[in-house]
Amino acid sequence: RATPRGRQSAAGSDSPRTSQVPGVAPLAARIRRGCSMDAYDVVLRWSARAASLPLPGASDRVAVPAWALLIAFAVQVAFVIVIWVLKRRVQNLYDQLDQSAEDAVALSELFTSELEHVKTQLSQSQEDSEGLDQMLGSIFKGGLPGLLEMQSRDYWCVKTMHVVYTDQDDKQKEWSQSGYHVNCFVPGGARNIEVTFSVVGGAECKQVDRSQKHFPYVYDETGSRVPEKFVYERCPGHVRYEIRGPSLGAFISHVTEVHPTAEQPKGTETAEQQ
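Criteria and thresholds
Residues numbered from 1 in each chain as written. Predicted model: local features only at pLDDT ≥ 70, side-chain atom pairs only at ≥ 80, totals over all residues. Heavy atoms only, no water. Pairing = 2+ DSSP bridges. Helix = DSSP H or I, 4+ residues; strand = E, 2+ residues; numbered from the N terminus. Axes fitted to C-alpha atoms, helices over the stretch in contact; angles between N-to-C directions. Salt bridge = Lys/Arg side-chain N within 4 Å of Asp/Glu carboxyl O. Buried < 20%, exposed > 50% of the residue type's maximum accessible area, 1.4 Å probe, protein only. Core = buried A, V, L, I, M, F, W, Y, C linked by side-chain atoms within 4.5 Å. Contact = heavy atoms within 4.5 Å. Phe/Tyr/Trp six-rings, centres within 6.5 Å; stacked < 30°, edge-to-face > 60°. Lys NZ or Arg CZ within 6 Å of the ring centre and 35° of its normal.

A.B. asks: Explain the sheet that holds strand E3 (residues 172-179) to me, please; I cannot follow it from the model alone.
C.D. replies: Pairing between the strands of a sheet comes from backbone hydrogen bonds, and it takes one of two forms, parallel or antiparallel. Taking strand neighbours across the sheet as the criterion, the four strands line up as E3-E2-E5-E6 in an open arrangement whose pairing is antiparallel. The sheet is open, and its two borders are formed by E3 and strand E6 (229-234), each paired with just one other strand. Averaged over all adjacent pairs, the angle separating strand axes in this sheet is 15°, with direction ignored. In terms of strand pairing, strand E2 (residues 159-166) meets E3 through eight bridges, oriented antiparallel. Directly across from Met-161, in E3, lies its bridge partner Gln-177.

Printed below as a string of structure tokens:
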């Protein structure tokens, strides 16, 4: 056990340290009065250790746990990732808007072209319907239309078929077309139909005797060759004319009525195959 002098010396030596911490000096005085020297030494050591700890607001560095740093780093990374994802999303939206605008322009052009095509088809259908109405009208008034067909059996020259008739309105109509295979549709109710043939850049076709093998020409009383002409009082069904020969000597070699009717052509020809 220490003497009172020793206590005083010890208290005097430790008083500066205990006085640095608020509340420690009164506690040490109370303990010094009623405690032993060993307890007093423990209090002094605890006071000195408390005086050595950094106080809040001091300039000393504060130790931060590693898990707190990891959490802060993870939050920053997550924030950067979110910003990058939002930026990519906005860029994708801009790209989709641009693509939508291009698609709208292309679709508009497609619709425009399709509308033009539909208009063309409608106009063509209207013309066809008008032609069909005329044909049906002619059928109801005068009967079925007729077909006059010219077929070239060779290619020496280009032949032409001429058709003249009077329609059911008492108007004379003329039609002609050149080629190697020509068709002429005569409206129903037509009458006084005349069919002749010629060669482009050549002479008109002359009548021949189709009953003989070498097709000799037919001459009139004056010794001139007779022009080939087929005349029908009414519209025939379907007549096919086969033509051959050069430009100055073309002639009709065969005449075939595919759908015979009661009407026969006037003159030296009949509607049967010759």
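Moving on from the coordinates now.
A.B. asks: Is there a simple way to think about the pattern of salt bridges in this case?
C.D. replies: If the charged atoms of two oppositely charged side chains come close together, the side chains can form a pair. The tally for this structure, following the rule as stated, stands at six salt bridges. When the shortest N-O distance is used, the salt bridge between Glu-149 and Arg-240 registers 3.4 Å. Of this pair, Glu-149 sits in strand E1 (residues 146-152) while Arg-240 is found in strand E7 (residues 238-244), placing the two residues 91 residues apart along the sequence. Residue classification places Glu-149 among the buried positions, given a relative accessible area of 6%.

A.B. asks: I keep staring at the nonpolar core and nothing clicks. Help me out?
C.D. replies: Nonpolar side chains in soluble globular proteins generally cluster together in the buried interior. The biggest cluster of nonpolar side chains holds 24 residues, and the ones touching the most others in it are Leu-148, Met-161, Ile-193, Val-195, Phe-197 and Tyr-241. Where this core is concerned, the elements lending two or more residues are E1, E2, strand E4 (181-186), strand E5 (191-199), E6, E7 and strand E8 (251-259). Residue contributions to this core peak at four residues, all from E5. Sequence-distant contacts of Phe-197, that is, excluding residues within four places in its chain, are made with Met-150, Thr-160, Met-161, His-162, Glu-204, Cys-205, Phe-230, Tyr-241, Ile-243 and Ile-252.

A.B. asks: What is the right way to read the packing of aromatic side chains from this model?
C.D. replies: Each aromatic ring pair is summarised here by two numbers: the centre-to-centre distance and the angle between the ring planes. Inspection of the entire model under this criterion finds five aromatic pairs. Between Phe-230 and Tyr-241, the aromatic rings sit 4.9 Å apart at their centres with planes inclined by 45°, giving tilted as the arrangement. Of the two residues, Phe-230 sits in strand E6 while Tyr-241 sits in strand E7, which places them eleven residues apart along the sequence. When sorted by exposure, Phe-230 lands in the same class as Tyr-241, which is buried. Ring-pair connections join several aromatic residues into one group, and the members of that group are Phe-197, Phe-230 and Tyr-241. Above the face of the Tyr-217 ring, Arg-225 is positioned so that its terminal group lies 4.5 Å from the ring centre.

A.B. asks: Please clarify how unusual backbone geometry should be interpreted in this entry.
C.D. replies: Trans is the common state for peptide bonds, and a negative phi is the common state for residues other than glycine. The phi torsion at Asp-170 lies on the positive side, around 60°, for a residue other than glycine. When you line up the elements, Asp-170 lands in the loop between E2 and E3. Judged by its relative accessible area of 56%, Asp-170 is exposed. Even without being glycine, Phe-215 reaches a positive phi, approximately 55°. When you line up the elements, Phe-215 lands in the loop between E5 and E6.

A.B. asks: Explain the pairing of E5 to me, please; I cannot follow it from the model alone.
C.D. replies: A regular strand carries its side chains on alternate faces of the sheet. With seven bridges joining them, E2 and E5 adopt antiparallel strand pairing. From the neighbouring strand, Met-161 faces E5, where its bridge partner is Phe-197. As judged from the five bridges shared by E5 and E6, these two strands associate in the antiparallel manner. Among the inter-strand pairings, Arg-191 is bridged to a residue of E6, identified as Arg-234.

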